[in-house]
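Coordinates in review
If you want the building blocks of each chain, they are given just below.
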Amino acid sequence: MSAEHPVILLVHGPNLNLLGERKPEVYGTTTLLDIEADVAAAAGARGAAVLCFQSNHEGALIDFLHENRKVADGIVINAGAYTHTSVALHDAIEAVNLPAVEVHISNTHAREGFRHVSMIAPVCLGQVTGLGRQGYTVATHLLLDHLGSPAANP
Ligand code: CA2
């Protein structure tokens, strides 16, 4: 953990390992690896490092946050469907006491009613939803701005 070289946890929840394989009309053709590379590039240009993690299991996501709470400065998280259901993930984000930005590739507010509710939004700085792949870059910069990390040199 350091102000000069912050560490960001990039966390993905269930089914997001399959990005790019199906439902391009909703999630585009970007893969999870593409997204991880985008975030690493945006963070790297500002001297930050990224630890990436994806799981289809709620407890594994929580364990990852706990295990890395002392090395990390902030979180970018797309919790997938757990966004809408997981009180445990809400509590974990609160418990690790790190600033978090919630990301969704699709515009969850333009979809089914059950996707309009986020259990984790109250413990996040904010939500970036519906901006596709670019939302992650926006979220990364928002988080680094919040952490006081200097902008990249042009
Ligand atoms: O838009 C998002 O990023 C979501 O977090 C994606 C979640 C969904 O449950 C949220 O409501 C919004 C689902 C990810 C499912 O990923 C798939 C990947 C490939 C094929 C089908 C689904």
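Residues numbered from 1 in each chain as written. Predicted model: local features only at pLDDT ≥ 70, side-chain atom pairs only at ≥ 80, totals over all residues. Heavy atoms only, no water.

A complete count under the given rule lists zero disulfides for this structure. For Cys124, which is in no disulfide, the shortest distance to another cysteine sulfur is to Cys52 and amounts to 17 Å. On the basis of relative accessible area, Cys124 is assigned to the buried category, the value being 11%. (Disulfide = S-S within 2.5 Å. Buried < 20%, exposed > 50% of the residue type's maximum accessible area, 1.4 Å probe, protein only.)

Closest axis-to-axis distance for the helix H2 (residues 32-44)/helix H5 (residues 134-146) pair is 9 Å, and the angle between their directions is 35°. When you trace H2 past H5, the crossing you get is right-handed. Where H2 approaches H5, its residues Ile35, Asp38, Val39, Ala42 and Ala43 are matched on the opposing element by Tyr136, Thr137, Thr140, His141 and Leu144. Grouping the constituent residues of the contact of H2 with H5 by class yields six nonpolar, three polar and one charged. (Axes fitted to C-alpha atoms, helices over the stretch in contact; angles between N-to-C directions. Helix = DSSP H or I, 4+ residues; strand = E, 2+ residues; numbered from the N terminus. Left-handed = near helix turned anticlockwise from the far one by under 90°. Contact = heavy atoms within 4.5 Å. Nonpolar A, V, L, I, M, F, W, Y, C, P; charged D, E, K, R; others polar.)

This structure, assessed with the given rule, holds one aromatic pair. Arranged with centres 4.4 Å apart and planes meeting at 5°, the rings of Phe53 and Phe64 form a pair that is stacked. Here the residue Phe53 occupies a position in strand S2 (residues 49-54), and Phe64 occupies one in helix H3 (residues 58-67), the gap between them amounting to 11 residues. For Phe64, a relative accessible area of 9% translates into the label buried. (Phe/Tyr/Trp six-rings, centres within 6.5 Å; stacked < 30°, edge-to-face > 60°.)

Following the sequence through the fold, Ser118 ends up in the loop between strand S4 (100-104) and strand S5 (126-129). In the structure, Ser118 is positioned 34 residues away from His84 in sequence and 4.8 Å away in space, judged by C-alpha atoms. Ser118 has contacts with Thr83, Glu102 and Gln127, leaving out every residue within four places of it along the chain. A polar atom in the side chain of Ser118 sits 3.0 Å from the backbone nitrogen of Ala121. (Polar contact = N/O pair within 3.5 Å; in protein donor to acceptor, adjacent residues only side chain to side chain.)

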